[in-house]
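Here is how the chains run, residue by residue.
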Amino acid sequence: IQTAFDHSAWPIGVAGFGYGDGDDTTSLDKMRGKYTTVYLRREFDLAKDAKLDALGLSVSYDDAFIAYLNGKEVLRVGVDKGQGSTADGFTMHEAENGFDYFPLKNVAKLLKPGETNVIAIEGHNANIKSSDFTIHPLLVIGK
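Residues numbered from 1 in each chain as written. Predicted model: local features only at pLDDT ≥ 70, side-chain atom pairs only at ≥ 80, totals over all residues. Heavy atoms only, no water.

Things to note about the sheet that holds strand 1 (residues 17–19)
Adjacent strands of a sheet form backbone hydrogen bonds with each other and so pair up, either parallel or antiparallel. Read from one edge of the open sheet, five strands run 2-1-11-4-9, paired in mixed fashion. Among the strands making up the open sheet, the edge pair consists of strand 2 (26–27) and strand 9 (100–103). The pairing of strand 1 with strand 2 spans two bridges and is parallel. Across the sheet, Phe17 pairs through a bridge with Thr26, a residue of strand 2. (Pairing = 2+ DSSP bridges. Helix = DSSP H or I, 4+ residues; strand = E, 2+ residues; numbered from the N terminus.)

See below:
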């Protein structure tokens, strides 16, 4: 995952993304039966005095995802190996369980206070014939 990436041609939507279960703000109906991976990317400015000791990701997801901060993988949930089209070994998970919180430990060194940072999420549906998909991440900084 590159931080200097031209995403200007990507569609823009409001989180959560998905189809099939009525809980997604941005519908991905064209995903059903056609592809299993969705990429999300968001630039954010980080205050110089941000509390980086309490950093985490709260995610509602179905089925799996990989998270990156400034191009470095920081969290892998439900994906055993690989990334993108080589990702494999998915664990089934339903978004109906709500948001799960994942503390991000030892990532402060990846962030650039006072500058623009990038969070990227690679969301995976375990099966192309799945009836639904959801990825709704929230980056939590400080408490």
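Description of the pairing of strand 4 (residues 55–62)
Of all eight residues in strand 4, eight are buried, a share of seventy percent or more. Along strand 4, one buried face is formed by Leu55, Leu57, Val59 and Tyr61 and the opposite face, lined by Gly56, Ser58, Ser60 and Asp62, is buried too. Sheet topology places strand 4 next to strand 11 (residues 133–141); eight bridges connect them, and they run antiparallel. Its bridge partner lying in strand 11, Gly56 is registered against Val140. (Buried < 20%, exposed > 50% of the residue type's maximum accessible area, 1.4 Å probe, protein only.)

Things to note about the pairing of strand 10 (residues 116–124)
Burial within strand 10 is extensive, with eight of its nine residues counted as buried. Note that strand 3 (residues 37–45) and strand 10 share nine bridges and pair antiparallel. Bridge pairing in strand 10 places Val38 opposite Gly123. Where strand 5 (residues 64–69) lies against strand 10, six bridges are found, and the strand directions are antiparallel. The partner of Ala64 across the bridge, within strand 10, is His124.

Some thoughts on the pattern of salt bridges
Under the counting rule described, the total for this entry stands at two salt bridges. Two residues, Glu43 and Arg41, come together in a salt bridge whose shortest N-O distance is 3.4 Å. Taking the relative accessible area as the measure of exposure, Glu43 reaches 41% and is therefore partly exposed. Look at Arg41 and you get buried, because its relative accessible area is 15%. Across the pair Glu73 and Arg76 runs a salt bridge, and its minimum N-O distance is 2.9 Å. Judged by its relative accessible area of 39%, Glu73 is partly exposed. Taking relative accessible area as the criterion, Arg76 reaches 28% and is therefore assigned partly exposed. (Salt bridge = Lys/Arg side-chain N within 4 Å of Asp/Glu carboxyl O.)

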